[in-house]
Amino acid sequence: MPGHTENEITIAAPLSLVWDMTNDLENWPHLFSEYASVEVLAHKGETTTFRLTMHPDENGQVWSWVSERTPDRGALTVRARRVETGPFKFMDIFWKYKEIPGGTSMHWTQDFAMKPEAPVDDKGMTAHINRNSLIQMELIRDRIEQRDRELRAGAPNR
């Protein structure tokens with residue numbers, strides 16, 4: 001049975017800052033702890049094709065893949081999918097943002113299935129994504145909230 005995850009966090013910062021920082025692909029290695037690099041390969045309309053490379057895992061394995069990402073600022077959504085699927089049969093990602101009292105809600109949905117030869121099955125990957133999404137979302141929240149404090153204090157752009 002395919003995997004499905006949904007994770008959400010509230011970020012005490014304006015929607016425009018949350019949107020801008022989380023959709024600045026080139027800055028993802030500074031926003032996420034798991035990504036070593038991002039290489040933008042192509043732009044077609046609003047869609048960006050890019051290569052993500054992770055830091056080595058506990059076994060020294062470096063994972064890398066190509067994805068497509070299409071933000072829709074008007075709808076406050078982003079759709080993404082892996083083009084190079086690696087151990088996945090497919091991986092579809094949907095991000096949704098919402099302005100709420102005190103900040104911004106960011107919601108991630110991931111739908112996927114693992115290949116039979118993958119090192120983990122759908123259930124195992126679901127558990128991994130749920131654990132890791134919480135870690136990454138909290139880190140992103142903290143970094144965006146810090147940047148918001150700096151901006152309100154008059155700090156220069158980075």
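Just so it is clear, the structure is predicted and the values come from calculations on it, not from any experiment. (Residues numbered from 1 in each chain as written. Predicted model: local features only at pLDDT ≥ 70, side-chain atom pairs only at ≥ 80, totals over all residues. Heavy atoms only, no water.)

Caption draft 1: A look at unusual backbone geometry. Backbone geometry places Leu-76, a non-glycine residue, at a positive phi of 60°. With respect to the secondary-structure elements, Leu-76 resides in the loop between strand S4 (64–72) and strand S5 (77–82). Note on Leu-76: relative accessible area 17%, which makes it buried. (Helix = DSSP H or I, 4+ residues; strand = E, 2+ residues; numbered from the N terminus. Buried < 20%, exposed > 50% of the residue type's maximum accessible area, 1.4 Å probe, protein only.)

Caption draft 2: Looking closely at the packing of aromatic side chains. Applying the stated criterion across every chain, the model contains eleven aromatic pairs. Here the aromatic rings of Phe-32 and Trp-108 are separated by 6.2 Å at their centres, their planes lie at 20°, and the arrangement is stacked. With Phe-32 in the loop between helix H2 (28–31) and strand S2 (35–44) and Trp-108 in strand S7 (residues 103–114), this pair connects stretches of sequence that are 76 residues apart. Exposure class is identical for Phe-32 and Trp-108. Each is buried. Here the aromatic cluster, defined as three or more aromatic residues joined through ring pairs, consists of Trp-19, Trp-28, Phe-32, Tyr-35, Phe-50, Trp-65, Trp-95, Tyr-97 and Trp-108. (Phe/Tyr/Trp six-rings, centres within 6.5 Å; stacked < 30°, edge-to-face > 60°.)

Caption draft 3: Inspection of the packing of helix H1 (residues 15–22) against helix H3 (residues 122–152) at higher detail. Across the interface, H1 lies against H3 with an axial gap of 10 Å and an inter-helix angle of 125°. One element, H1, and the other, H3, form an angle in the oblique class. Note on packing geometry: the crossing formed by H1 with H3 is right-handed. Residues Leu-17, Val-18, Met-21 and Thr-22 of H1 form the contact with H3, whose participating residues are Ile-140, Arg-143, Ile-144, Arg-147, Asp-148 and Leu-151. Here the contact of H1 with H3 is built from residues that sort into six nonpolar, one polar and three charged. (Axes fitted to C-alpha atoms, helices over the stretch in contact; angles between N-to-C directions. Parallel < 35°, antiparallel > 145°, perpendicular 65-115°, else oblique. Left-handed = near helix turned anticlockwise from the far one by under 90°. Contact = heavy atoms within 4.5 Å. Nonpolar A, V, L, I, M, F, W, Y, C, P; charged D, E, K, R; others polar.)

Caption draft 4: Local environment of the nonpolar core. Membership of the largest hydrophobic core comes to 27 residues, with the highest contact counts inside it found for Trp-28, Phe-32, Trp-95, Tyr-97, Met-106 and Ile-144. If you list the elements that add at least two residues to this core, you get strand S1 (3–11), H1, H2, S2, strand S3 (47–54), strand S6 (88–100), S7 and H3. At five residues, the largest contribution of residues to this core is made by H1. Beyond its immediate sequence surroundings of up to four residues, Trp-95 is in contact with Thr-22, Trp-28, Phe-32, Arg-69, Leu-76, Thr-77, Val-78, Met-106, His-107 and Trp-108. Grouped together as the second largest cluster of nonpolar side chains are seven residues, Met-91, Phe-112, Met-125 and Ile-129 included. (Core = buried A, V, L, I, M, F, W, Y, C linked by side-chain atoms within 4.5 Å.)

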